[in-house]
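# Coordinate inspection notes
The primary structure of each chain is shown beneath.
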Amino acid sequence: MAIPDWTVELLKRQINDIAVQLKNPESIHHLRQRAMEFLHDLPQTASRFWEQAREGGAFSSVPVYLSSASVLNASGNFCGGPVVGAPVRSSVIHAGVLDWNHFRLEQEHQSSIQHELSKFATQVGADDCLVSNGWDASCAAVAALATQRGGRLFLPRCCATKLPSGRLIPEALGAAADVVEVGAVDGVDAQQWQRLSLQSNDTIVFTDRIDQACLPGPNLGGLLVQLAPHATLHPLSGCNETPPSLSGLLSAGIQLVVTSAAGWLGGPACGLIFGPRSELQSLRECSLWLALQANVTVQSMATAALAERSPLHDFLEVSLENLQHRAQHLSTRLAACAPTEGGCIAECLITEEAARLAEGQPFWVPSRQLALRHATLAAKDWAASLLRQQPAVLADVQDDRLVVDLRWIDAGQDAALAQALGAKPEFLDEQDVP
């Protein structure tokens, strides 16, 4: 095919323009200088690129800055309710960032992650651990495993509650298996279990209401699975009663424990399934698992979360004396914001209510709060306006007072909290909290 005449004329004009420029000594010098710089940089750039590829390093040299929390959680609940998730360790986020930028073979990376997950599983009394996309995916995985085992899937009616996503547990399990509900909404008695004649290939699913299920003993038969939305790796101290832990549940005879990496464990929003290696291997071989498992990056972040202490531990280690001192410190500064001083704080009291580890859960820890009245706004309207600020402040409303709980507020956030509540910047300079 011949080149059109207009294309030939265009090329001639461009070549002539280049020839004219090359007659200019300054243009020739500038072109020669740029070419020398390019030839000088090329070997070094290629060498750096190769080293990063070989070592699995990040190609980008742009630093990653992790912003501070966009919400100050003064609600009194560590997680649950309007709080989406819970504080995530910077190291956990960093693990995900590194994984996105690494250049390596997925199969080898998956193998190394699984090795680490298995190591953490043995620390709590399980053989292995799998990471799913979330709660619904974990329930579908349990149902798929029950089908793979060739038995029936039982769920006590007292455990037919909602998942954190709001979906009913029988509905989530029923996506991959037929669910047989047992007993009444207030519990199951031992005779009802005995009438079922459970077989070794049956699966029984419990939730945190397992105490109402009245298990007759360790010889019940079948695979015992517990869905534990809120659980720690090991027993936690400092609360009114010990919250469930993976090690405690497994040592009590539960064979498969399903929990979340988010919340108390300080990881991403994904599911963790701890249990016997044989059962989890059977789940891996199920075709549905490919759609339910988390991607490699989320698995890396979950692994990093298991290696770190939960942020919950740090908050629980803060003494009541420390909280009292901080409350008095903030109260003094907010007192300077009275309407007579041109401020908006009409009243500020220190209260001694308990803070909860999760909304709707019975686990609580002593705390200190500020009960505040606004000069012009109702407490409900004030709370709504605080949610529209940056950073937003999540607080409770009781008896037309805004209640600000300090248990889940880091001491380094006190100044931001005071300023959000109306304190003037000149009163926030001193930070003498021990």
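Residues numbered from 1 in each chain as written. Predicted model: local features only at pLDDT ≥ 70, side-chain atom pairs only at ≥ 80, totals over all residues. Heavy atoms only, no water.

### Remarks on the overall build of the protein chain
Secondary structure assignment for the protein chain yields 15 helices and 15 strands. Buried positions account for 42% of the 434 residues belonging to the protein chain. Pairs at least 24 apart in sequence give 69% of the contacts found in the protein chain among residues at least 6 apart. Roughly 22800 Å² of accessible area belongs to the protein chain as shown, and the carbon and sulfur atoms make up 54% of that amount. (Helix = DSSP H or I, 4+ residues; strand = E, 2+ residues; numbered from the N terminus. Buried < 20%, exposed > 50% of the residue type's maximum accessible area, 1.4 Å probe, protein only. Contact = heavy atoms within 4.5 Å. Areas by Shrake-Rupley, 256 points an atom, 1.4 Å probe, with all protein chains shown as cover.)

### Brief notes about the environment of Gly221
As for its position among the elements, Gly221 is in the loop between strand 6 (203-206) and strand 7 (223-227). Under the relative-accessibility criterion, Gly221 is labelled partly exposed at 24%. As a C-alpha pair, Gly221 and Asp202 span 19 residues in sequence and 7.6 Å in three-dimensional space. Setting aside residues up to four positions removed in sequence, Gly221 forms contacts with Leu198, Gln199 and Ile204.

### A look at the environment of Glu171
For Glu171, the position within the fold is in helix 6 (residues 169-173). Exposure remark for Glu171: the relative accessible area of 47% places this residue in the partly exposed category. Each C-alpha atom, one on Glu171 and one on Ala140, is 9.6 Å from the other, the two residues being 31 residues apart in sequence. Within the local environment of Glu171, its side chain forms a polar contact with the side chain of Arg167, the two groups lying 3.4 Å apart. (Polar contact = N/O pair within 3.5 Å; in protein donor to acceptor, adjacent residues only side chain to side chain.)

### Here we look at the pattern of salt bridges
Inspection of the entire model under this criterion finds 14 salt bridges. As a salt-bridge pair, Glu347 and Arg401 come within 3.1 Å of each other at their nearest N and O atoms. Note that Glu347 is positioned in strand 10 (residues 345-351) and Arg401 in strand 15 (residues 401-405), a separation of 54 residues in sequence. With a relative accessible area of 25%, Glu347 lands in the partly exposed category. As a salt-bridge pair, Arg368 and Glu352 come within 3.9 Å of each other at their nearest N and O atoms. Of this pair, Arg368 sits in the loop between strand 12 (364-366) and strand 13 (369-374) while Glu352 sits in the loop between strand 10 and strand 11 (354-358), placing them 16 residues apart in sequence. (Salt bridge = Lys/Arg side-chain N within 4 Å of Asp/Glu carboxyl O.)

### Examining the packing of aromatic side chains
Aromatic ring pairs are reported here in terms of the distance separating the ring centres and the angle at which the planes meet. Across all of its chains, the model carries five aromatic pairs by this definition. Relative to Trp408, the ring of Phe315 has its centre 5.9 Å away and its plane inclined at 90 degrees; by these criteria the two rings are edge-to-face. In this pair, Phe315 is assigned in helix 12 (residues 311-316) and Trp408 in the loop between strand 15 and helix 15 (414-421), connecting sequence segments 93 residues apart. One exposure class covers both Phe315 and Trp408, and it is buried. Site record: aromatic cluster; members linked through ring pairs are Phe78, Phe315 and Trp408. A cation over an aromatic ring shows up here: Lys119 above the ring of Phe120, its NZ or CZ 5.8 Å from the ring centre. (Phe/Tyr/Trp six-rings, centres within 6.5 Å; stacked < 30°, edge-to-face > 60°. Lys NZ or Arg CZ within 6 Å of the ring centre and 35° of its normal.)

### Let's talk about the nonpolar core
Nonpolar side chains in soluble globular proteins tend to end up buried together. One finds Leu173, Val205, Leu272, Ile273, Phe274 and Leu306 to be the most contacted residues of the largest nonpolar core, which totals 63 residues. Setting aside anything within four residues of it in sequence, one finds Leu173 in contact with Cys139, Val142, Ala143, Leu153, Leu155, Val179 and Val205. Leu72, Ile345, Leu372 and Ala383 belong to the second largest nonpolar core, which has 25 residues in total. (Core = buried A, V, L, I, M, F, W, Y, C linked by side-chain atoms within 4.5 Å.)

### Overview of the sheet that holds strand 9 (residues 271-275)
One open sheet accounts for seven strands, arranged 3-9-8-7-6-4-5; its pairing is mixed. Every other strand in the sheet has two partners, leaving strand 3 (128-132) and strand 5 (179-182) as the edge strands with one partner each. Across the sheet, the axes of successive neighbouring strands diverge by a mean angle of 25 degrees, strand direction being ignored. (Pairing = 2+ DSSP bridges. Axes fitted to C-alpha atoms, helices over the stretch in contact; angles between N-to-C directions.)

### Here's the deal with the packing of helix 5 (residues 135-149) against helix 9 (residues 277-284)
At a minimum axis distance of 9 Å, the contact between helix 5 and helix 9 shows a crossing angle of 100 degrees. Relative to helix 9, the element helix 5 lies roughly perpendicular. Facing Ala141, Leu145, Gln148 and Arg149 of helix 5, the residues of helix 9 in contact are Glu279, Ser282 and Leu283. The residue inventory of the contact of helix 5 with helix 9, partitioned by class, reads three nonpolar, two polar and two charged. (Parallel < 35°, antiparallel > 145°, perpendicular 65-115°, else oblique. Nonpolar A, V, L, I, M, F, W, Y, C, P; charged D, E, K, R; others polar.)

### Observations concerning the sheet that holds strand 14 (residues 392-398)
Read across the sheet, five strands follow the order 1-14-15-13-10 without closing on themselves; strand pairing throughout is mixed. With partners counted over all chains shown, the strands left at the sheet margins are strand 1 (71-74) and strand 10, one partner each. Going from strand to strand, the sheet's axes swing by 30 degrees on average, the running direction of each strand aside. The sheet contact formed by strand 10 and strand 13 spans six bridges and is antiparallel. Among the inter-strand pairings, Glu347 is bridged to a residue of strand 13, identified as Arg373. In the packing of helix 13 (residues 320-335) onto the sheet, the strands contacted are strand 10 and strand 13, and the crossing angle to strand 10 comes to about 170 degrees. Strands in contact with helix 14 (residues 379-387) are strand 10, strand 13, strand 14 and strand 15; relative to strand 14, the strand with the most contacts, it is inclined by about 165 degrees.

### Regarding the side chain of Ser75
With respect to the helices and strands, the residue Ser75 is situated in the loop between strand 1 and strand 2 (77-79). Among the polar contacts listed, one links the side chain of Ser75 to the backbone nitrogen of Asn77, at a separation of 3.2 Å. When sequence neighbours within four positions are dropped, the list of residues in contact with Ser75 reads Leu394, Ala395, Asp396 and Asp405.

### Here we look at the confidence of the model for the protein chain
When pLDDT is averaged along the protein chain, the result is 82; 75% of the residues meet or exceed 70. The low-confidence segment residues 45-68 (pLDDT under 50) makes 17 contacts with residues lying over four places distant or belonging to another chain. (pLDDT = per-residue confidence, 0-100.)

### Focus: the state of the cysteines
Tallied over the entire structure, the rule returns zero disulfides. The closest cysteine sulfur to the non-disulfide-bonded Cys129 is located on Cys270, 8.8 Å from its own sulfur. Take Cys158: it sits in no disulfide, and the sulfur closest to it among the cysteines is that of Cys159, at 4.0 Å. (Disulfide = S-S within 2.5 Å.)

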